[in-house]
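Letter by letter, the chains look like this.
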Amino acid sequence: AKHRNTHISWLGPKGPMRRGAAGTASAARLHEGKAAKSKPAASSKELGPAAEQAAGLDGQAPLPEQLPTNEIKALATLRKFMGKRGVVDKKDGIRGLIASMKKDADSLEALVKRALHSLGADETPETIGPMVDQLQELYIRTPAQLEKSFKCEDTIDDLRHLFRGRLMPAMKHELKLYHAKVALQRAATSMAAPVETPRPITRRLKLVRCELSQLSHIDQLSQTFRVRVSVSFCIEGGALDEDLSKQFDGFPVDEDGRPTYRPSAVWYLSQLDFPNGHDLHVLESKVAVVGNDLHLIQRVEGEFFERFELHAFPFDAQDLTVTMCFNCAKNGPVPVELSCPPSAVLGIDVTTFAFSDVWDLNPTLSHELTTVGACKTAQFPAMNIRACACRRANFVLVNVAVPMGFISLMPATIFVVSVEETAEMLNIAVTVMLTAVAFKFVIAAYLPQISYMTLIDKYIQFCNGITYLSALLVAIVGGLQNWVCAPASPPSFCVRADGTDFARGLGLILHQIFFAIVVASWLLLHAWFIYRARKAQGQETEKGIGRVETSPKARRRRRRMAKDGSAKRDALVPNFSYRNLLSITSSPRISPRWSPASTPGTSTPPTTRFRPARDAAQTPNVSQQRQRSRQASRELPLSRVRHPSPFES
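Residues numbered from 1 in each chain as written. Predicted model: local features only at pLDDT ≥ 70, side-chain atom pairs only at ≥ 80, totals over all residues. Heavy atoms only, no water.

Caption draft 1: Structural context of the environment of G405. Considering the arrangement of structural elements, one finds G405 in helix α12 (residues 394–409). Residue classification places G405 among the buried residues on the basis of a relative accessible area of 3%. Measuring from C-alpha to C-alpha, the distance between G405 and Y459 comes to 8.9 Å, with 54 residues separating the pair along the chain. The residues touching G405, leaving out its near neighbours within four places in the chain, are Y459, W522 and H526. (Helix = DSSP H or I, 4+ residues; strand = E, 2+ residues; numbered from the N terminus. Buried < 20%, exposed > 50% of the residue type's maximum accessible area, 1.4 Å probe, protein only. Contact = heavy atoms within 4.5 Å.)

Structure below.
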């Protein structure tokens, strides 16, 4: 009765009734031949049980509070009308009709059975089965498809051959009754009281462990890297929750098909996504019960995108980020909140790193809680796990920087040639320029192909600039020789009083000045390059992760510690200093010289910051303290240690 805009043809005693926006109530009124007049809205309580019994709803779910009286009467009239047409038994109510529809409304077998029953023919499975099989051979599996086939000229002949005689009109009649059932189901379903959406429950997922292993294929051209990620999240007390403990990976619904918004832990694990991942393969995905907690464990392998910062190439350090996201909006019906407590285990397997000869990998990981989503109204909780890889610059320095430095120094030899040999000097300058250009094409494969200039690109351009500057200076000297002081008719200022050539003396002076300019430019260039390289090696990454010490001495120390099994003194612990070590060793402790007899009346030992010496003979002197400090500095992972003064000792 509420669907007044539904265009449905209702069946009257003499055939189909009019089609329009009258809806179910108007169809019932036309069948009875009465024009129901609108009355003020009245509740079902005011109408009493008589109206509910007439509508077939007695003893069932109550009607809405403000349902108009005329619509309740129209619903009762409509039920009587459908009973007369054979759609539903007169004794059954509206919800009985809905139950029968859910059982066989979409079944072709039930439709054929009712048509044979109306004709009094045999309705055994041996008769109905072949008909249904032939309909499926024609790709007709639902009543809606059967109705379309009746209107199609290509399939009507096959249907006439299948439904012979009076069976064809009976099938069409049953299709009309089927549409009436569907319309009545929609009308009755719309009268049900609206179901409130359950209150959202925020599930708090705590990161327990995240491990990166088998890191490989750090490609600066495609801006990707390949790694295997093992992650574990914990839902505290999840094993005690009945909804979370269900082994169902789909979204839960109730008996009426409405979502309950109480998914299981398996469903939450299926919503784990890696936004910056590509070509991912899930190796393991399970939910484990640990005490009263549920652990969501997943292990994936694939490529991840990362925007590399190559301004300091080849002294760059890259953040390798793995973004984990749950596809549960923070403002949605199933929100999720992520957290990373200090007890979480974050690490990366350095032993399985395939490019240890090209990169130095930091074994510590950092995390960042963030959100992802293109729209502000749909933000999803996410967590970034970052590792740091520092490039080893030896290959680029040996194969690019050193040869280019010597090539840029060769123009200085031009000014050793005699002043009169201008053509020979230009020949040398052009040869060096062509050599530099050819070498640049050779080393192009070793350099990143990006739109901005890296540190090594600037160094190469400055080296080429020195070569071009040398050629320009040679041209200046040759111009002075040939234009200003030509030997055929030298001007008076080019000839000295003693008859010597002034131009040759001027050329020698210019050669010395230009040689000094070229050499000074070369030295300044390399001083600038060394300064920028040291500065880049001392800076943190873009995300604030500390670099690993890449000196050969530090690498040898790390290898020695790995052989000795000194895991506690890892050389890559960030923000570690000798002052931290002193603060640890100088923590309050119990004096070993205390005994209850030495301090009568006290039952607890005193705490002292430093162990007191018995006498002056046992007090270490300054030289012994410095020797111990030097020994500790050799064991510490830092290259420079500030030695404490005697007062601090």
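That covers the picture; the talk isn't over yet.
Caption draft 2: Up close: the packing of aromatic side chains. Scanning the entire structure with this criterion turns up twelve aromatic pairs. With a centroid separation of 5.7 Å and an interplanar angle of 75 degrees, the aromatic rings of F251 and Y261 are classed as edge-to-face. Here the residue F251 occupies a position in the loop between β4 (224–235) and α11 (265–270), and Y261 occupies one in the loop between β4 and α11, the gap between them amounting to ten residues. With a centroid separation of 4.6 Å and an interplanar angle of 35 degrees, the aromatic rings of Y459 and F529 are classed as tilted. Taken together, the residues Y459 in helix α14 (residues 455–484) and F529 in helix α15 (residues 502–538) connect sequence positions 70 residues apart. Residue Y459 shares its accessibility class with F529, and that shared class is buried. Ring pairs connect the aromatic residues F251, Y261, W267 and Y268, which therefore count as one cluster. (Phe/Tyr/Trp six-rings, centres within 6.5 Å; stacked < 30°, edge-to-face > 60°.)

Caption draft 3: View of unusual backbone geometry. Of note, the amide linkage connecting F313 to P314 takes the cis form, showing an omega dihedral of 10 degrees. Tracing the backbone through its elements, the reader meets P314 in the loop between β7 (293–305) and β8 (317–326). Despite not being glycine, H217 has its phi angle at roughly 55 degrees, a positive value. Looking at the element boundaries, H217 is found in strand β3 (residues 203–219). Located in the positive-phi region is D279, a residue other than glycine, with phi close to 55 degrees. One can find D279 in strand β6 (residues 277–290).

Interpretation in functional terms is not warranted from these geometric data alone.
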